[in-house]
Each structure stands twice: as C-alpha cells, then as structure tokens.
Amino acid sequence: MIEHFWLGMLIVFIAGLLNGSFTLPMKYSRAWAWENIWSVYAVVALLALPWILAVGLVPNLSHVYGSLGWHAFLYPALFGLLWGIAQMTFGLSINAVGMAVAFAIVSGLVCLTGSIVPILAFRPADLFRPAGLMMLVSMPVLLCGLALYAKAGALRSRDQNAAQTAAAPQATSFKVGLALCLFTGVLGSAWNLGFAFSGDTLRRSIQFGASPAIATYAAWAVVLSGGFLPNLLYPIYLQSRRGTWRSFGHGNWPKELGLGVAMGLLWLTAIVTYGIGATYVGKYGTSIGFTLYIAATILASSGLGIATKEWKGTSSRTRKLLAAGLAAILVSVLILNLGGLFPNSR
C-alpha cells in the first residue's frame, strides 16, 4: 500500500506539471485572438477527446451509464458546469496578469475548497488522522507560499510598468485580472468535486470489466461535458461581437489550430493522469492528492513563466519574493508526501 500511495503521488505530481504547462502554446499564438484558440481547446479537451477515450476504452460503456440512476450524473455534471464557467474566466485572467501569477492566485483558492470538501463530505473523521493532519499542516505552508507569490506578482507589475511609458493601462489590467483570478478560484475546484462525486460511475465501470485507471474515463466524460458549454458559448459570443471568427481558415491558421489542439492535449492528459494517480493514492486521492496536484501546477507554471520572461525587468526584491514563495510551495509538497509514512491511516 505504501508503494501504491507514493506511486500515485508521483503520478499526481507529473499530472500537475502537465497542467501547469497547458497554456504555454497560447503564448505563441500570433494570428488568432484568445476566443479563437480557446474554442479549439474547449472542443478538443472537453468534448472530443474525453468521449473518444470513454467510448473506445471503457468496456460496455452504454451498459454502465444505463445501469445508473440520474442522480449519479447530476452532481458530476453540475460541478462540471460550475468549473466550466471558472475555466473560461481563467483563460481571460492569464491574458491580464500572466501565466505564473494567474496559476498561483487561482490555485490557492482552489486548493482550499478542492482538498477539504471531499474529505469532509465522505470521511470527516479522517481529517484528524495522520495523513489528514499532514494535509492540514501543508496547506498553511502552501498558502504562505502563494501569498508571497501574489506579492511578487504585484511588484512585478509595478516594476515592469515603471520601465514602460504606457503604465496606467497595464496597472488597470492587473486589477481586472486579479478580480478574475479571485472569481475563478472560488469555482475552480468544481471539476475535482465532480470527480469525487463520481464514485457510482467508477464502481459500476469496474463491475463491467474496466480497470480502476480506465474507469476514470467514464467519469471524466460526464464531468467535462458539463464544463464544455460555457467554454464554447462565450468564445463564440466574442467571435461574433469582434468579428474574429473570420480568422478561421485564413492566414497561418494551421499553426494556430495546432496550438489550440496542443493546449487541449496537454490539459486532458493532465486531468486523466491526475485521475489515475488519485486512484492509486486511495481514499485520500481527491484531497491529499489534489493538494499535491495544485502545488505541482504552480511549480510548473512558475518555471515556464520565468523561462518565457514574464519576470524580465523585475527588481531584486521581487525575485527574492518569488524564490521564497516557490521554496514554501516545495516544502508543502514534502510535507504532503510524509503521509505515505502512515499506512494505517489510509
């Protein structure tokens, strides 16, 4: 069991790294507006690929769904819808404040709701057992790191504005982006809650012959379908209002289309990998595993933010705050993994 716990945590960590990098292709989009590339991402990641995986790999999928009552789909789909709204605003927040800061602020709020709610809903007593206590200890450390990170982000905006002539519009953009991040963070963990409430689908899929890892595809198809509609409708609205729909099929559209598809592949791979890792972790997969997933996401987005020069032109103080924030996040990851030393608590 200890080996399965740590194997699951390793898989979850890799999933977080993938999730932290899924928006990277957007940085290389030149001909398309945000709404163009995001609509491609939504179709690929939230509709096409999840159902291809579910139909193609889950044995007797129609029988699995047919044997479940409507209540088995209600919460997963509803949480998916709420997450879909948050995912849409997340894309806008990245444009406003940058990949690194958006991931950090959103992830802090997501971590609070996404890790605590599942364990309180299904196993509240476990919160005060050793593995649960490790999660409680790690969360203040993680939030402290995120606070330092957010402060570094605010200073970064000020430092970079000071070096440019048009500083005022960018300061306003950061404030708007910060508001979007806060809104997104409140609803951003809903996809994990949707997966946590998909227990009936997972168990029935296994009964019909699916492995525990493959069974997760049947759950994700429902959750992500709930999130598909808002992620498609809002970009379509923007394309209609701004006339950016004309970009499809013109200019260097194959490259832009490929970037959108790459975003979808990266993100869905992260989500599917997280589901598999959470299954190996065990009953704490959607709580302890989710906290690790968020921490790994922040580390990946931070590294890519630095690599793509989001922090170029910042002061020494700003970079020190960034380093301190990342160090605190790494410490939280180490604390979380200490839960593997307490097999009896799982």
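In the block above lies the structure referred to throughout.
Before going into details, it helps to say that this report is about the structure given with it. As the structure is a prediction and not an experimental result, all values here were calculated from the model.

**Quick notes on empty space enclosed by the protein**
Line of reasoning, step 1. Following the criterion strictly, the structure yields 1 cavity of 30 Å³ or more and no others.
Line of reasoning, step 2. Put simply, the largest cavity is a space of about 220 Å³.
Line of reasoning, step 3. Taken together, 18 residues form the lining of the largest cavity, with N19, Q87, V106, G188 and W191 sitting closest to its centre.
Line of reasoning, step 4. Contributions of two or more residues to the lining of the largest cavity are made by helix 4 (71-97), helix 5 (99-122), helix 11 (253-281) and helix 12 (288-307).
Line of reasoning, step 5. Considering only residue class, the lining of the largest cavity consists of 12 nonpolar, 6 polar and no charged.

**Notes on the environment of V222**
Line of reasoning, step 1. Assignment of secondary structure puts V222 in helix 10 (residues 212-242).
Line of reasoning, step 2. Its relative accessible area of 13% is what places V222 among the buried residues.
Line of reasoning, step 3. Distance in space between the C-alpha atoms of V222 and G275 is 14 Å, their sequence separation being 53 residues.
Line of reasoning, step 4. The residues touching V222, leaving out its near neighbours within four places in the chain, are Y65, F73, P76 and A77.

**A word on the packing of aromatic side chains**
Line of reasoning, step 1. With the rule as written, the count across this model stands at 22 aromatic pairs.
Line of reasoning, step 2. Seen in terms of ring centroids, Y65 and F73 are 5.5 Å apart; in terms of plane orientation they differ by 70°. Their pairing is edge-to-face.
Line of reasoning, step 3. Arranged with centres 5.6 Å apart and planes meeting at 70°, the rings of W191 and Y293 form a pair that is edge-to-face. Pair noted here: W191 is in helix 8 (residues 190-196) and Y293 is in helix 12, with a separation of 102 residues, a long-range link.

**Section: the packing of helix 2 (residues 34-57) against helix 10**
To characterise two packed helices, one gives the angle between the axes of the helices and the distance between these axes.
Line of reasoning, step 1. Where helix 2 meets helix 10, the axes come as close as 8 Å, and the angle between the chain directions of the two elements is 160°. Classified by the interaxial angle, the pair formed by helix 2 and helix 10 is roughly antiparallel. Crossing geometry of helix 2 relative to helix 10 is assigned as left-handed.
Line of reasoning, step 2. Looking at the contact of helix 2 with helix 10 residue by residue, the classes come out as 22 nonpolar, 6 polar and 2 charged.

**Looking at a nonpolar patch on the surface**
Line of reasoning, step 1. A grouping of W70, L74, Y75, L78, L81 and L82 is seen on the molecular surface, where their side chains present a nonpolar patch of about 590 Å² in accessible area.
Line of reasoning, step 2. In this structure, L82 sits in helix 4.

**With respect to the environment of S39**
Line of reasoning, step 1. Among the secondary structure elements, S39 is positioned in helix 2.
Line of reasoning, step 2. Setting aside its immediate chain neighbours within four residues, S39 contacts L232, P235, Q239 and F248.
Line of reasoning, step 3. There is a polar contact of 3.3 Å between the side chain of S39 and the side chain of Q239.

**Regarding the packing of helix 10 against helix 11**
Line of reasoning, step 1. Where helix 10 meets helix 11, the axes come as close as 9 Å, and the angle between the chain directions of the two elements is 130°. As summarised for this structure, helix 10 and helix 11 are arranged oblique, according to the angle between their axes. Our pair here, helix 10 against helix 11, has a crossing hand that is right-handed. On the side of helix 10, the interface is formed by P212, A213, T216, Y217, W220 and L224, while helix 11 contributes W267, L268, I271, V272, Y274, G275, I276 and T279.

**Details of unusual backbone geometry**
Line of reasoning, step 1. Phi is positive for N60, which is not a glycine, with a value near 55°.
Line of reasoning, step 2. Within the fold, N60 resides in the loop between helix 2 and helix 3 (61-66).
Line of reasoning, step 3. Relative accessible area serves as the criterion here: at 41%, N60 is assigned to the partly exposed category.

**Observations regarding the nonpolar core**
Line of reasoning, step 1. By size, the foremost hydrophobic cluster in this structure holds 93 residues, and its most contacted members are Y41, L46, W191, W220, W267, Y274 and Y293.
Line of reasoning, step 2. Counting residues per element, this core draws most heavily on helix 10, which supplies 13 residues.
Line of reasoning, step 3. Setting aside residues no more than four positions away along its own chain, Y293 makes contact with V12, A15, G16, N19, W191, A270, I271 and Y274.

**Digging into the pattern of salt bridges**
Line of reasoning, step 1. Throughout the structure, instances matching the rule amount to 2 salt bridges.
Line of reasoning, step 2. The closest approach of N and O atoms between D200 and R203, which form a salt bridge, is 2.7 Å. Of the two residues, D200 and R203 are both situated in helix 9 (residues 199-207); the distance of 3 residues between them amounts to about one turn of the helix.

**Observations concerning the side chain of S138**
Line of reasoning, step 1. With respect to the element layout, S138 can be found in helix 6 (residues 130-162).
Line of reasoning, step 2. Look past the residues within four positions of S138 in its chain and what remains in contact with it is T291, S332, I335 and L336.

**Here we look at helix 12**
Line of reasoning, step 1. With 20 residues, helix 12 ought to run about 28 Å at 1.5 Å a step, and its terminal C-alpha atoms sit 29 Å apart, in line with that.
Line of reasoning, step 2. Counting buried positions over the 20 residues of helix 12 gives 16, a clear majority of the element.
Line of reasoning, step 3. Just past helix 12, the residue K309 takes up positive phi, approximately 65°.

About the cut-offs
- Residues numbered from 1 in each chain as written.
- Predicted model: local features only at pLDDT ≥ 70, side-chain atom pairs only at ≥ 80, totals over all residues.
- Heavy atoms only, no water.
- 1 Å grid on protein atoms, 1.4 Å probe; cavity = no way out; pocket = protein on both sides within 12 Å on 5 of 7 lines; lining within 4 Å.
- Points joined across faces, edges and corners; volume = space filled by probe spheres on them.
- Helix = DSSP H or I, 4+ residues; strand = E, 2+ residues; numbered from the N terminus.
- Nonpolar A, V, L, I, M, F, W, Y, C, P; charged D, E, K, R; others polar.
- Buried < 20%, exposed > 50% of the residue type's maximum accessible area, 1.4 Å probe, protein only.
- Contact = heavy atoms within 4.5 Å.
- Phe/Tyr/Trp six-rings, centres within 6.5 Å; stacked < 30°, edge-to-face > 60°.
- Axes fitted to C-alpha atoms, helices over the stretch in contact; angles between N-to-C directions.
- Parallel < 35°, antiparallel > 145°, perpendicular 65-115°, else oblique.
- Left-handed = near helix turned anticlockwise from the far one by under 90°.
- Patch = residues over 30% accessible without salt bridge, like charges linked within 9 Å, V, L, I, M, F, W, Y side chains within 5 Å.
- Areas by Shrake-Rupley, 256 points an atom, 1.4 Å probe, with all protein chains shown as cover.
- Salt bridge = Lys/Arg side-chain N within 4 Å of Asp/Glu carboxyl O.
- Polar contact = N/O pair within 3.5 Å; in protein donor to acceptor, adjacent residues only side chain to side chain.
- Core = buried A, V, L, I, M, F, W, Y, C linked by side-chain atoms within 4.5 Å.
- Expected span 1.5 Å × (residues − 1).

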